[in-house]
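# Coordinate analysis (summary)
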Amino acid sequence: MGEWSFLGDFLEKVHKHSTVVGKVWLTVLFIFRMLVLGTAAESSWGDEQSDFMCDTQQPGCENVCYDKAFPISHVRFWVLQIIFVSTPSLVYMGHAMHTVRMEEKRRMKEAEMEARENKNGGDTYYQQKCSAVEKAETKLSGWDEAGGQIILRGSLLNTYVYSILIRTAMEVAFIVGQYVLYGIFLETLYICQRAPCPHPVNCYVSRPTEKNVFIVFMLAVAVLSLFLSLAELYHLGWKKAKERCSRSYKGSPGAAPGRLESAPQAERAQMYTPPPDFNQCLSSPNGKFISPFSNKVASQQNTANFATERVHGQEDAAGEGPFVKASYAESPEVASECAAPAFPESYFSEKRRFSKASRASSKARSDDLSV
Amino acid sequence: MDWGTLQEVLGGVNKHSTSIGKIWLTVLFIFRIMILVVAAERVWGDEQQDFVCNTLQPGCRNVCYDHFFPISHIRLWALQLIFVSTPALLVAMHVAYTRHERKRQLKNSDKIDIEQLKNEKIHIRGPLWWTYTSSIFFRLIFEAVFMYVFYYMYDGYQMPRLVKCDAWPCPNIVDCFVSRPTEKTTFTIFMLAVSGICMVLNLAELCYLVIKICMKEPRKTT
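Here the structure is a predicted model, which means the values were calculated and not measured.

### Section: the UniProt feature "domain: Connexin N-terminal" (unreviewed entry) in chain B
Within this structure's numbering, the places UniProt gives as "domain: Connexin N-terminal" (unreviewed entry) are residues 42–75 of chain B. Helix makes up 41% of residues 42–75 of chain B and strand makes up 6%, while its end C-alpha atoms are separated by 13 Å.

### Here we look at the interface of chain A and chain B
Chain A puts 29 residues into the contact, and the matching count from chain B is 32 residues. Of the roughly 2,900 Å² buried where chain A meets chain B, counting both sides, 63% is carbon and sulfur surface. Taken as a group, A:Phe6, A:Asn63 and A:Arg76 account for 24% of the area that chain A buries against chain B, more than any other trio of residues on that side. Linking chain A with chain B are three salt bridges. Residues B:Arg180 and A:Glu48 are paired through a salt bridge, measuring 3.2 Å at the closest nitrogen-oxygen approach. Taken together, the connections running from chain A to chain B amount to 11 residue pairs in polar contact (both at pLDDT 80 or more). If you list the elements that add at least two residues to the side of chain A that touches chain B, you get helix H1 (5–16), helix H3 (61–69) and helix H4 (74–120) of chain A. The element best represented in the side of chain A that touches chain B is H4(A), accounting for eight residues.

### Considerations on the sheet that holds strand S3 (residues 174–177) of chain B
All names here are of chain B. Strand order in the open sheet formed by three strands is S1-S3-S2, and the pairing between neighbours is antiparallel. Every interior strand has two partners, whereas the edge strands, strand S1 (52–53) and strand S2 (162–165), have only one. As paired strands, S1 and S3 are joined by two bridges and run antiparallel to one another. Within S3, the position partnered with Cys53 by the bridge is Cys176. Packing of helix H3 (residues 60–68) onto the sheet brings it into contact with S1, S2 and S3, and relative to S2 it is tilted by some 110°.

### Digging into the pattern of salt bridges
As enumerated under the stated definition, the model contains 18 salt bridges over all chains in all. Residue A:Glu210 is joined to A:Arg207 by a salt bridge in which the shortest nitrogen-to-oxygen separation is 3.7 Å. The exposure class assigned to A:Glu210 is partly exposed, which follows from its relative accessible area of 36%. Judged by its relative accessible area of 38%, A:Arg207 falls in the partly exposed class. B:Glu47 is paired through a salt bridge with B:Arg75; the nearest N and O atoms lie 3.6 Å apart. Within this pair, whereas B:Glu47 is found in the loop between helix H2 (19–43) and S1, its partner B:Arg75 is found in helix H4 (residues 73–108), the two being separated by 28 residues in sequence.

### Here we look at the state of the cysteines
Residue and element names in this part refer to chain B. For the coordinates displayed, the defined rule picks out six disulfides over all chains. A sulfur-sulfur separation of 1.9 Å characterises the disulfide bridge that pairs Cys64 with Cys165. Between Cys64 and Cys165, the S-S torsion sits near -85°, and that sign places the bridge as left-handed. Highlighted residues: Cys64 in helix H3 and Cys165 in strand S2, separated in sequence by 101 residues. Classification of Cys165 as buried rests on a relative accessible area of 1%. The disulfide pattern of chain B is 1-6, 2-5, 3-4 when the bonded cysteines are numbered in sequence order. By sequence-ordered numbering of the bonded cysteines, chain A has its disulfides arranged as 1-6, 2-5, 3-4. Just so you know, Cys207 is unpaired, no disulfide at all, and the nearest cysteine sulfur is the one on Cys214, 11 Å from it.

### What to know about the packing of aromatic side chains
Counted by the stated rule, this structure contains 26 aromatic pairs over all chains. On the basis of an interplanar angle of 75° and a centroid distance of 6.2 Å, the ring pair of A:Phe52 and A:Phe70 is categorised as edge-to-face. With A:Phe52 in the loop between helix H2 (20–44) and strand S1 (53–54) and A:Phe70 in the loop between H3 and H4, the pair connects residues that are 18 residues apart, well separated along the chain. Each member of the pair A:Phe52 and A:Phe70 is classed as buried. Members of the aromatic cluster, each reached through a chain of ring pairs, are B:Trp44, B:Phe51, B:Tyr65, B:Phe69, B:Trp77, B:Phe150 and B:Tyr154. Here the guanidinium or amino end of B:Arg139 rests over the ring plane of B:Trp24, the centre of that ring lying 3.9 Å away.

### Topic: the UniProt feature "domain: Connexin cysteine-rich" (unreviewed entry) in chain B
With numbering matched to this structure, UniProt assigns "domain: Connexin cysteine-rich" (unreviewed entry) to residues 142–209 of chain B. Between the first and last C-alpha atoms of residues 142–209 of chain B the distance is 20 Å; the span itself is 60% helix and 12% strand.

### Considering the environment of A:Arg101
Structurally, A:Arg101 can be placed in helix H4. Classification of A:Arg101 as partly exposed rests on a relative accessible area of 28%. Between the C-alpha atoms of A:Arg101 and A:Leu236, which are 135 residues apart in sequence, the distance is 25 Å. If we skip the residues at most four places from it in the chain, A:Arg101 touches B:Ser19 and B:Lys22.

### A look at the side chain of A:Glu42
As for its placement among the helices and strands, A:Glu42 is situated in helix H2. A:Glu42 gets classed as buried once you look at its relative accessible area, which sits at 13%. Separated by 3.3 Å, the side chains of A:Glu42 and B:Arg42 make a polar contact.

### A closer look at the side chain of B:His94
Within the fold, B:His94 resides in helix H4. Each residue touching B:His94, except ones within four places of it in the same chain, is listed here: B:Pro127, B:Leu128 and B:Thr131.

### Concerning the sheet that holds strand S5 (residues 201–204) of chain A
Reading across the sheet, the three strands line up as S1-S5-S4 (chain A) and stay open at both edges, with antiparallel pairing between neighbours. Lying at the two open borders of the sheet, with one neighbouring strand each, are S1 and strand S4 (189–192) of chain A.

### What to know about the packing of H2(A) against H4(A)
All names here are of chain A. Where H2 contacts H4, the two axes come as close as 11 Å, and the packing angle between them is 160°. Comparing their axes, H4 and H2 come out roughly antiparallel. In this structure, H2 crosses over H4, and the sense of that crossing is left-handed. Contacts between H2 and H4 involve Trp25, Leu29, Arg33, Met34, Leu37, Ala41 and Glu42 from the former and Val75, Trp78, Val79, Gln81, Ile82, Val85, Ser86 and Ser89 from the latter. Its residues placed into classes, the contact of H2 with H4 shows 10 nonpolar, three polar and two charged.

Criteria and thresholds
Residues numbered from 1 in each chain as written. Chains lettered and ligands numbered in written order. Predicted model: local features only at pLDDT ≥ 70, side-chain atom pairs only at ≥ 80, totals over all residues. Heavy atoms only, no water. UniProt positions renumbered as here; feature names shortened; annotations may be inferred. Helix = DSSP H or I, 4+ residues; strand = E, 2+ residues; numbered from the N terminus. Contact = heavy atoms within 4.5 Å. Buried area = accessible area lost by both parts, 1.4 Å probe. Salt bridge = Lys/Arg side-chain N within 4 Å of Asp/Glu carboxyl O. Polar contact = N/O pair within 3.5 Å; in protein donor to acceptor, adjacent residues only side chain to side chain. Pairing = 2+ DSSP bridges. Axes fitted to C-alpha atoms, helices over the stretch in contact; angles between N-to-C directions. Buried < 20%, exposed > 50% of the residue type's maximum accessible area, 1.4 Å probe, protein only. Disulfide = S-S within 2.5 Å. Phe/Tyr/Trp six-rings, centres within 6.5 Å; stacked < 30°, edge-to-face > 60°. Lys NZ or Arg CZ within 6 Å of the ring centre and 35° of its normal. Parallel < 35°, antiparallel > 145°, perpendicular 65-115°, else oblique. Left-handed = near helix turned anticlockwise from the far one by under 90°. Nonpolar A, V, L, I, M, F, W, Y, C, P; charged D, E, K, R; others polar.

In structure tokens form, the structure reads like this:
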């Protein structure tokens, strides 16, 4: 098992940041695949060539017949299978670590800004907004300070889902590959006809029954891992669908003023929009943005996407890409965390006028990011 | 072969690498060193015992094996991995030297904060940039050289099933049969592919560093 420590160390980190099903999958990988392979299967296949006997005295015939019977040994095949099946998790881990680093950088920036704010003391309104923005980012980027855990949201969730999909594909590919190469069971007798063997020669495989036991075992564990991966996909997909349903249910009541009153939190989220984006919404004379709240999700999506694109253009210029997405997706939480400071009343009332537009865009973003 | 020591040393370098450097290190450990230790060493384990020649002449098998396999694939890969990892040690030494200098400066100014010094992130700038870039350059050179050596020594990347040998003391041209040629070819191609991937990663890192420094220069001058 010491030889597997290189991979084992990396996967330990993945273990910390996986879902429950993911942790079960990793445990199955460690115990039923790596450990069994390293301790039992290796010694069972240890003498596979030295005890591969052919009924001939022709020099070289045993070599070529062994090579024909076993183009790649089962053990090496399983080693490659384990490595390729683990690789997508490493990619996800890389992304997660990148997220953590970005989070740390953001926090450092926030600390710097607060220090600057204390030094300057002027324009507190903007400073408050910025710090609230930073807090929103912190909450919504997917990093939970208290638990030290990564929360699956947005692009990180997508990476996780893709990694599971690729893992499933690899698993299926290797199971099919094993079937194509060897079938399911090993036969005791292998009849070989290959130069320099002078005629078809009987060759006898070493320990076929013991090997069959391990082959069936490893196949069963592979199928179990496949099942766990599919279960994890289903679990994530179900959660996402549930959240989408609950969001569209919340979005259905139509009266605009009612919406304004019932969701002041959403509006407060809008208050954290940096001025350029807000002005962008303000300046758009397009009637589409002020479409009434219909239940036609498609048309809402269209207007929302249009708004999103325009906002994105501004965002990229401002260099605050991730923020807007995140805040719109989780507006209630943002509001609860960042208690709104005393905003001037006029600002709030202005916001009311254009809240429809921003809400339309928020709908699209929440769909993008919901789990 | 104990690769744990190498892992410890390179783990330290990992902290000061770029993201691409970290990916390269992961690929190195999982797809090369681990495959070498767990799989390839066993495939090549019986390469001389099961190298069979169609002759009863004593000594003929030995000389034929030696003639066709001057240095085993496994040893060549181990050398390749060591040479390719070594430039990273240059970076580690430079970082250690920088830290040492920083510590000396702080001591002189009576502001000692060892913890801060330990955790201080050293950015890849100035002389460290040159060390880092030249280490990547040397890595690329070593990879290319070893890939060529493999190609030259074994006439391509495929392991032949049958080799014809007429080295002395073999009395005539003797058929010799290599053990597990298909499996060996599979792993040779696998290691070659991963070497290629590592070279691509190194090139990408080199480009990234050059672009980064070029972008910083105009900003400095404006």
